[in-house]
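Chains, contacts and geometry: an overview
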Amino acid sequence: MRLLRFIDPQGKPKPGLQLEDDRRIDVSAFGGDFDESFFGDDGPAKLASWLKDHQQECPEIPADARLAAPCARPSKIVCVGMNYEAHARETGGEPPKEPVLFFKATSAIVGPYDDIVIPKDSTKTDWEVELAVVIGKRASHVSEAEALDHVAGYVLHNDVSERAFQIERGGQWVKGKSSDTFAPLGPYIATADEIADPNSLHLWLELNGERVQDSNTSDFIFNVQECVSYISRFMTLLPGDVISTGTPSGVGLGMKPNRYLKPGDVVELGIEGLGTSKQRVRAYQS
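Reference entry: report on the structure contained in this document. (Residues numbered from 1 in each chain as written. Predicted model: local features only at pLDDT ≥ 70, side-chain atom pairs only at ≥ 80, totals over all residues. Heavy atoms only, no water.)

Topic: helix H6 (residues 224–232)
Counted residue by residue, H6 has seven buried out of nine residues, so it is predominantly covered. Within H6, the full set of buried residues consists of Val224, Cys227, Val228, Ser229, Tyr230, Ile231 and Ser232. On its buried face, H6 sits against strand S5 (77–81), strand S6 (100–104), strand S10 (129–135), helix H4 (144–147), strand S11 (151–158) and strand S17 (242–244). A distance of 3.1 Å separates the backbone nitrogen of Gln225 from a side-chain oxygen at the start of H6, and that oxygen is part of Asn223. (Buried < 20%, exposed > 50% of the residue type's maximum accessible area, 1.4 Å probe, protein only. Helix = DSSP H or I, 4+ residues; strand = E, 2+ residues; numbered from the N terminus. Contact = heavy atoms within 4.5 Å. Polar contact = N/O pair within 3.5 Å; in protein donor to acceptor, adjacent residues only side chain to side chain.)

As for the nonpolar core
Counting 75 residues, the largest nonpolar core has Leu3, Val27, Leu47, Leu51 and Val228 as its most contacted members. Tallying contributions element by element places S10 first for this core, with six residues. Excluding residues that lie within four positions of it along the chain, Val27 makes contacts with Pro15, Gly16, Leu17, Phe34, Leu47, Trp50, Leu51 and Cys58. (Core = buried A, V, L, I, M, F, W, Y, C linked by side-chain atoms within 4.5 Å.)

Some thoughts on the pattern of salt bridges
Evaluation of the coordinates by the stated rule reveals 19 salt bridges. Asp126 serves as the salt-bridge partner of Arg163, at 2.8 Å between the closest nitrogen and oxygen. Separated by 37 residues along the polypeptide, Arg163 in helix H5 (residues 163–168) and Asp126 in strand S9 (residues 125–126) bring together distant segments of the chain. The class for Asp126 is buried, based on a relative accessible area of 0%. Residues Arg211 and Asp214 are paired through a salt bridge, measuring 3.7 Å at the closest nitrogen-oxygen approach. Classification of Arg211 by relative accessible area gives partly exposed; the value is 37%. Several salt bridges share partner residues, and in doing so they unite Lys104, Asp126, Glu128, Asp159, Arg163 and Lys177 into one network. (Salt bridge = Lys/Arg side-chain N within 4 Å of Asp/Glu carboxyl O.)

Here's the deal with the environment of Lys104
Following the sequence through the fold, Lys104 ends up in strand S6. Separated by 28 residues in the primary sequence, Lys104 and Lys76 place their C-alpha atoms 7.5 Å from one another. Each residue touching Lys104, except ones within four places of it in the same chain, is listed here: Ile77, Cys79, His157, Asp159, Val160, Lys177, Ser178, Phe182 and Ala183. A polar side-chain atom of Lys104 sits 2.9 Å from the main-chain carbonyl oxygen of Val160.

Some details on unusual backbone geometry
Note the cis peptide between Lys256 and Pro257, where omega equals 0°. On the secondary structure map, Pro257 appears in the loop between S17 and strand S18 (266–271). At Asp42, a residue that is not glycine, the phi angle is positive and equals roughly 55°. Residue classification places Asp42 among the partly exposed residues on the basis of a relative accessible area of 46%.

No statement about biological role is implied by the geometric values presented.
This is the structure in structure tokens:
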């Protein structure tokens, strides 16, 4: 299944599905939202069963409805840094011996077609196409062999980053990663059964129509199983939590000269099996 969320005319997010023929249907009659309770209570399987009897009753979502992030705000977004060897090299670093972890504030989450807002005082806002993992079952000290049993699905993520805040202001990376609008997610979560091998997916990003990132998750330094297992040693992963697995080469920080987002830019990105998203960049306004 492809789980999505949309904004109804009253401004409320509601759960929906994208069907194989690309039609989108409202499944709010199933009850609840795509949140920790849904994923932790075997929600995808229960929804699939419910649809057998009720799909024909589900109204179609208007084509012009705004899409929200496909998961309700998770307890945390855990990110893996420098997880493609070519990206580590382009940023001047050595490939890490263990996964590099940092957090991204959940308040940064927006929908897949929402604007990216360049933060106040920003000079170096950058783009990063990433495969993100949505946890489906509580994970603590899980083995690599067990890791995928704890995954509900996968989602496209643009890990927008302010490099001056991240690198030049001291402290941890989180403050360069967490500005409002810095986590466009979606358009949908593809449940795990839709993705045969998350470690072999084409991903790409275009800036104003120019392809600047073009790679495959087969170039991971640490694959999905390794990331889930490793992170679960240091914190409990809850249903609905998001793990963003790193970006390939082609970010603005790695270009010579560096190249960063400016108002009016358009970023479009996609991952095989996970659809595409598109964000327009605008300036901060108080």
